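Summary of structural features
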Amino acid sequence: MLSNAVINEIKQIVGVEYVLTTKEELLCYAYDSTPNAFLPDLVVRPCSTAEVQKIIKLANEHLFPVVPRGAGTGLSGGSLPVAGGVVVDLTRMNKILEIDAENLVAVVEPGVITYSIQEEAEKIGLFYPPDPASLKTSTIGGNVAECAGGPRAFKYGVTRDYVLGLEVVTPAGDVISTGGKTVKSVTGYDLIRLYTGSEGTLGIITKIYLRLIPKPESKKTLMAVYNNLKDAAQSVTSIIRQGIIPVTLEMMDDRTIQCVEKHKHLGLPLDAEAILIIEVDGPRVLLDSQTAEIAEQCRSCGARDVKVAESEDDRDRIWAARRAVSAAVVQIKPTKISEDVSVPRMAIPEMVKRLKEIASRYQLELVIFGHAGDGNLHPNILCNKQDKEEMQRVEKAIGELFQAAVDLGGTLSGEHGIGTMKAPYLKLETGEAGYAVMKNIKQALDPNNILNPGKIFWSDSNE
Amino acid sequence: MNKETMQKYLDRCSKCGGCMAVCPLYGETHVEPLVARGKLFLISNYLEGNLDLSCKMKELMSLCLLCKACTVQCPNSIPVDELVLSIRQEIAHEKGISFVKKNVFQHLLQNNGRLTTAAKCAYLYQQSGLQWLVRKSRLLELGGGDLGKKENLLPKMAKVPFRAQVPHLLPAANPRVKVAYYTGCLTNYVFPETGHAVLKVLKNHPLDIVIPDQWCCGIPALASGDEESAVKLAQKNIEAFQKAGVDVIITDCASCGSMLREYAELVGTPQARAFSEKVVDFSELLDDVVDFQPGEKEVNHIVTYHDPCHLRRGQGVKEAPRRLIKAVPGVTFREMKEADRCCGAAGSFNLTYYELASKVGHRKAQNINDTGAQTVVTGCPSCITQIDHMLKRENLPVQVMHLAELLSMTY
């Protein structure tokens, strides 16, 4: 699809060694953390904004798709080259340019691994809260592009709550800066929010200003076991009514608990309907009274057992259950379709009920865990991608699962993004008019449909 | 591993990318084909018929340190290193291995007489002034690439192999355990001082020591995909050690040790299983089997410890060496950052991919130096070669030694 002349021009821009052309290498950029893969025509590894800009200009000249990619750990297909073209791998742009302790801002390139920003900030007592599960691997550029969340989101918010400014190469090949080191900025439209979560369809992010906050002094962890899922949801509400906002409220359903116990033998109760892992953070002097209060609330809401971690070992043991989930559930079947619907918190029990009903109707293995504080659930369907008939049932179940979330006042995606995986269902939530607004923005900014075609707007290429 | 088993493991990969956080090669390059999930995807594509065993495939599959970091952290327990070895074997079958490797694995390593002669030739090259001349004249740099630097990495050969310097039977007065010492090729031909240190430490404990006839453990052949040569070597060693009739087989080399433990599966006979079950690392012998009794001499060093991949992950040995170091009178122990991250040696990886291995080694050298230690101790001669080279290359004031050498300094 790309002519040799174009490939040579790209080689001139970034240097021969940073252009990958063999089928073997291209295959390694065909996938992300979804079960899908599409072969790109070329992989380019630029090291500067100027190089990215030149590639975009060339793309407009020769009309080839450009797919920005960080670490390729997305869960919605955001970095998959569904229409072929050039994958722009941004992992060489991986410098932390500045940690400004005075203004509480980090300035970073998009290829920096999120965890390194946290490490650097914590060295001087600062804190970057968003913590997607992939944080030791995923890049901050990818986190911003997909607006990644994480367990700490209920208290601290998601990636968009920490982006103060961006440098972006637009689909036309211009470089713009929006926002910067100020906390307040209302100069025109809020482009930062537009680009955050734009999934690489509106521009390539080349520099990011992130808000940092002081690091909480300490944390404390509890685990509560419930016979009844409703009681777990009620506990969360009761805790918040006491004026306590836990940093994490991780929930595991009965099937998840059974899988983990079978795989790891941690002594989890096989007859429990739900487990909550609750963590509070803040000044050390407050935490003991807060954990006592939380334990009390959990018990009075019907928890049959509450364990408070008294040591780092205790804390490790509690989190071991949550950490084991991923490995445990794939023991059932190898392919894991991980969804991330969000519903209002009090709708969690009803959503779980409907999810289980859908799974049983389609005879599918389903485990549900997630973030009980913000209603962001991770229903995971375990299947085998080689089994075509089963995959069709999965497809149907997913459609119904999204419908259920929307019916309960929820959303298709809490933190993974739409990408390709949820694109066919977008209108369920946006409606025709909402879809049209988004589509108009895309068409206005990227008339040649250069950037990440086939994402969000499923039928782009056919329309 | 047969193709069905391979496919079963490959199907488990969810491409979560957890391997990217721990892979030393990905850490330095950020290139996806070098990390486990990339390699697994390529192997999948080959098994499904979408990909040939091309030269590129051969190159990419050889770009793995086999350090097991990804294997250990994989949430879905995929034995990545075994899959890479399996595909290397497949490649070796289909495309053959290089003429030099073939000769080394199938002839030189199978015959101790010839191997000793080869080692002697290398010694003569280094001693005769020829090496001096080659280095001085920068002759190797004419060949282009890193040949000059690589030649520097080649260890200095011993004049007489270690096993020719010592008796093969060292009985104790009241022995508790009969131990066979598997010396490994590096100790035998390059680091006889390590061998002497091992014996010195062992002799201070109630142990009968035997040094049976022995051959290369076979790991270089296996790592290059030549399983047949590896099995032949394994059989020779199993037979020789069976004759010695010992309770325990020790080794001072992490790589050899992990390979010797693999014999059970590689060869599959009851004799092989009996052999593998007896293998323990030098440090485990002193920590678990007998109670380590240090001598009275103080060693006033600040010491840090590097975990060889094949000891920490290959054999699950973590605390024994640390406990032994801390038991040495006078020593101050300081843990380094990323102590169990590969040093980049990986057998002959550091010769084949010198620049890449040096990037991995640079990180190790910096982590060592950051502790402020004067001495870095480890349990694998291959790591010692690489770490020594990196410390010298970066002019860092740290010396590297085998655990046995540190312990022997107390007597």
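Residues numbered from 1 in each chain as written. Chains lettered and ligands numbered in written order. Predicted model: local features only at pLDDT ≥ 70, side-chain atom pairs only at ≥ 80, totals over all residues. Heavy atoms only, no water.

1. Some points on the overall build of chain B
Helix and strand content of chain B: 24 helices and nine strands. Here chain B has a C-alpha radius of gyration of 21 Å; the compact-globule value for 411 residues is 22 Å, and the two agree. The principal-axis extent of the C-alpha atoms belonging to chain B is close to 65 × 50 × 45 Å. In chain B, buried positions account for 57% of the 411 residues. A separation of at least 24 residues holds for 78% of the contacts in chain B among residues at least 6 apart in sequence. Of the accessible surface of chain B, which amounts to about 17,200 Å², a share of 52% is contributed by carbon and sulfur atoms. Each charge class in chain B can be summarised by its mean position, and for the 48 positive and 43 negative side chains these summaries are 4 Å apart. (Helix = DSSP H or I, 4+ residues; strand = E, 2+ residues; numbered from the N terminus. Rg over C-alpha atoms; globule rule 2.2 N^0.38 Å. Buried < 20%, exposed > 50% of the residue type's maximum accessible area, 1.4 Å probe, protein only. Contact = heavy atoms within 4.5 Å. Areas by Shrake-Rupley, 256 points an atom, 1.4 Å probe, with all protein chains shown as cover. Lys, Arg positive; Asp, Glu negative; His and termini not counted. Charge placed at Lys NZ, Arg CZ, Asp CG, Glu CD.)

2. Digging into the interface of chain B and chain A
Between chain B and chain A, the residue contacts involve 29 residues of the former and 30 residues of the latter. Summed over both partners, the interface of chain B with chain A comes to about 2,300 Å²; 56% of that surface belongs to carbon and sulfur atoms. Across the chain B-chain A interface, the total number found is two salt bridges. In this structure, B:Glu32 and A:Arg69 form a salt bridge, with 3.1 Å as the shortest nitrogen-oxygen distance. The tally of links from chain B across to chain A stands at 14 residue pairs in polar contact (both at pLDDT 80 or more). No other element matches helix H3 (residues 36-47) of chain B, which puts five residues into the side of chain B that touches chain A. (Buried area = accessible area lost by both parts, 1.4 Å probe. Salt bridge = Lys/Arg side-chain N within 4 Å of Asp/Glu carboxyl O. Polar contact = N/O pair within 3.5 Å; in protein donor to acceptor, adjacent residues only side chain to side chain.)

3. Some words on the pairing of strand S18 (residues 376-383) of chain A
Residue and element names in this part refer to chain A. Most of S18 is tucked away, with eight of its eight residues classed as buried. With burial as the criterion, each face of S18 is covered, one bearing Asn-376, His-378, Asn-380 and Leu-382 and the other bearing Leu-377, Pro-379, Ile-381 and Cys-383. Pairing between strand S16 (residues 335-338) and S18: four bridges, direction antiparallel. Looking at the pairing, Ile-337 lines up with Ile-381 of S18. The turn joining strand S17 (residues 365-371) and S18, which pair antiparallel and follow one another in sequence, is formed by four residues; a positive phi near 75° is taken by Gly-375. (Pairing = 2+ DSSP bridges.)

4. Here we look at the domain arrangement of chain B
All names here are of chain B. Segmentation of chain B into domains returns domain 1 (3-95) and domain 2 (302-408). On a C-alpha basis, the centroid separation for the pair domain 1 and domain 2 is 26 Å. Tallying the contact residues gives 18 residues for domain 1 and 14 residues for domain 2. Contact between domain 1 and domain 2 buries roughly 1,300 Å² in total, counting both sides, with carbon and sulfur atoms accounting for 69%. In terms of surface lost to domain 2, no three residues of domain 1 exceed Glu-28, Leu-65 and Cys-67, which account for 39% of the buried area on that side. (Domains from an automatic or database assignment.)

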